[in-house]
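Residue strings, one per chain:
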Amino acid sequence: MTLDSKLKKWLETTFSERVKFDEPMAKHTSLRVGGPTDAFVMVENKEELSELVRKALESDTKWLVIGAGTNLLVSDSGIQGIVVVLTKSLEELSTPDEDENTFLFKASAGLKIQTFCRLAAEKGARGMNFAIGIPGTVGGAIAMNAGTSLGSMEDVIETVTFLHPEKGIVELEKDELDFRYRELAIRHPIEDATDSLPIILEGGFRLAKGDPRTIKQEADQLLKKRWKNQPVSLPNAGCFFKNPSSTKPAGRLIDLAGLKGFQVGGAKISEKHANFFVNTGNASANDFLTLMETVRTTVFERFNIKLESEVKIAG
Ligand code: EPU
């Protein structure tokens, strides 16, 4: 599909060098695969984002807001419509409000989750170390309730601010949100108007006060462990599948099925951690999709367990 010509003209005038047409998504995903999107737009503030969504709705064009592309597999045929990334004022961290025992940080959706972890630790705010080493942005991490065995986003989130296509900016409290394992839904009337989660603009994080040095030491240890157990130096998308349960982690099941090192084209199951798929250099999205299906079939035949992908598939 090509873009509506009026919309294309508007994008050119409004964003000039911040819009790229037919942009290969392989340049914007950590797996380094994915075909072109009609338009790739770098948005700098909420006003621009609202206007972009309004124009896209008017011309019946789809949009997809991405974080750092670290949990995303884009097909070789690419993504129709507009891909949006959040920059500038959408990557900020506020000076926190505080009471005797806690801080309340407001982190914008485009901020890297690792930057947030580091800045919170420097301030002496405890609670983000579960996320140490998780790549991606605050918005992406909220949308998928990212986490590890040490905790997940729902443990620290107090509010989430959304941009709803029709209702504008809406801040919801945690009890209006429905955090599940690696998923977020909304228990709120705004959900009725749309079939997907509205755009996440910001998270409010309640963190306990602690000692910056202790927090940093713990973070350093966790990072070392991650580097030891995970293939961090090769392009990957983190854990590929959700864990079916804590006693049956996907990595162990894939390993027991004898699939470590198994390869389709340039897509390979890591020798270090079987729930990581890596790009050995020249993989296509199709290689990863075929590898994913092979793993699912093999694990199902062997253990009668259906693995569900944690990585989002687009296009
Ligand atoms: N295991 C194997 N073989 C493997 C990999 C793992 O036998 O090839 C075994 C391990 O020995 C361990 C168990 O499986 O007994 C679980 O492995 P691990 O401790 O590595 O944790 P995980 O459940 O595979 C989770 C998160 C990761 C996070 C790590 C470390 C999920 C789906 N995954 O992995 O987070 O980094 O814990 O805290 O919750 C991500 O990085 O993308 C991610 C999702």
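Here, every reference points to the structure presented above.
Reading guide: rules and limits
Residues numbered from 1 in each chain as written. Predicted model: local features only at pLDDT ≥ 70, side-chain atom pairs only at ≥ 80, totals over all residues. Heavy atoms only, no water. Helix = DSSP H or I, 4+ residues; strand = E, 2+ residues; numbered from the N terminus. Expected span 1.5 Å × (residues − 1). Buried < 20%, exposed > 50% of the residue type's maximum accessible area, 1.4 Å probe, protein only. Arc of directions from axis to C-beta. Contact = heavy atoms within 4.5 Å. Pairing = 2+ DSSP bridges. Axes fitted to C-alpha atoms, helices over the stretch in contact; angles between N-to-C directions. 1 Å grid on protein atoms, 1.4 Å probe; cavity = no way out; pocket = protein on both sides within 12 Å on 5 of 7 lines; lining within 4 Å. Points joined across faces, edges and corners; volume = space filled by probe spheres on them. Nonpolar A, V, L, I, M, F, W, Y, C, P; charged D, E, K, R; others polar. Salt bridge = Lys/Arg side-chain N within 4 Å of Asp/Glu carboxyl O. Near = heavy atom within 4 Å. Polar contact = N/O pair within 3.5 Å; in protein donor to acceptor, adjacent residues only side chain to side chain. Areas by Shrake-Rupley, 256 points an atom, 1.4 Å probe, with all protein chains shown as cover.

S.K.: Go over helix 7 (residues 285-303) with me, naming the residues and quoting the values.
M.R.: For helix 7, spanning 19 residues, the distance from its first C-alpha to its last is 27 Å, which sits close to the expected 27 Å at 1.5 Å a residue. Along helix 7, the residues that are buried comprise A285, D287, F288, L291, M292, V295 and V299. All buried residues of helix 7 fall inside an arc of 150 degrees around its axis, so they share one side. Here the buried face of helix 7 lies against strand 4 (72-74), helix 6 (250-256), strand 17 (263-264), strand 18 (267-269), strand 19 (276-279) and strand 20 (312-314). Just downstream of helix 7, N304 is the residue with a positive phi angle, here 60 degrees.

S.K.: Kindly report on the side chain of T70, identifying the contributing residues and their values.
M.R.: Checked against the element boundaries, T70 lands in the loop between strand 3 (63-66) and strand 4. Judged by relative accessible area, which is 17%, T70 ranks as buried. The residues contacting T70, other than those within four sequence positions of it, are S30, P135, G136, N236, A237 and G238.

S.K.: Describe in detail helix 3 (residues 113-123), supporting the description with residues and values.
M.R.: An α-helical segment advances 3.6 residues per turn. Residues three or four places apart therefore align on the same side. Taken together, the buried positions of helix 3 are occupied by I113, F116, C117, A120 and A121. On an axial view of helix 3, the arc spanned by its buried residues comes to 125 degrees, and they lie on one face. Following helix 3 by one or two positions, G124 adopts a phi angle in the positive range, close to 85 degrees.

S.K.: How would you sum up the sheet that holds strand 3? Please name residues and give values.
M.R.: Taken together, four strands build an open sheet; the order of strands is 1-2-5-3 and the sheet is mixed. In this open sheet, the two edge strands, each paired with only one partner strand, are strand 1 (19-24) and strand 3. With direction set aside, neighbouring strand axes in the sheet form an average angle of 30 degrees. For strand 2 (residues 36-43) and strand 5 (residues 79-86), the ladder comprises six bridges, and the chain directions are parallel. The partner of V41 across the bridge, within strand 5, is V84. Contacts between helix 1 (residues 5-15) and the sheet are confined to strand 1, strand 2 and strand 5, with strand 1 contributing the most and set at about 115 degrees to the helix.

S.K.: Residues and numbers for the layout of surface pockets, please.
M.R.: Quantified by volume, the second largest pocket comes out at close to 150 Å³. Lining the second largest pocket are R126, G127, M128, N129, F130, L150, T214, I215, E218 and L222. With four residues, the single largest contributor to the lining of the second largest pocket is helix 5 (residues 212-229). In the lining of the second largest pocket, the residues fall into five nonpolar, three polar and two charged.

S.K.: Lay out the pattern of salt bridges with the relevant residues and their values.
M.R.: Counted by the stated rule, this structure contains 21 salt bridges. Across the pair K242 and E183 runs a salt bridge whose closest N-O atoms are separated by 3.5 Å. In this pair, K242 is assigned in the loop between strand 16 (236-239) and helix 6 and E183 in strand 14 (residues 183-186), connecting sequence segments 59 residues apart. By relative accessible area, which is 11% here, K242 ends up buried. The exposure class assigned to E183 is partly exposed, which follows from its relative accessible area of 31%. When salt bridges that share partners are traced, they join D178, R180, E183, K242 and E308 into one network.

S.K.: Lay out the pairing of strand 7 (residues 102-108) in plain terms, naming residues and giving numbers.
M.R.: In the case of a regular strand, side chains alternate between the two sheet surfaces. Most of strand 7 is tucked away: six of the seven residues are buried. Linking strand 6 (residues 97-98) back to strand 7 in an antiparallel pair, the connection comprises three residues. Pairing of strand 7 with strand 15 (residues 199-209) involves seven bridges; the strand directions are antiparallel. What sits directly across from F105, in strand 15, is F205.

S.K.: Report on the site of the ligand, specifying residues and quantitative values.
M.R.: In the vicinity of the ligand lie 18 residues, with R226, C239, N243, D255 and A274 positioned nearest. The contact in question runs from an oxygen atom of the ligand to an N or O atom on the side chain of R182, over 3.0 Å. Interatomic distance of 2.8 Å between a backbone N/O atom of A274 and an oxygen atom of the ligand. Its free accessible area being 810 Å², the ligand has 73% of it covered by the protein chains. Counting only elements with at least two residues in the shell around the ligand, the list comes to strand 9 (147-148), strand 16 and helix 6.

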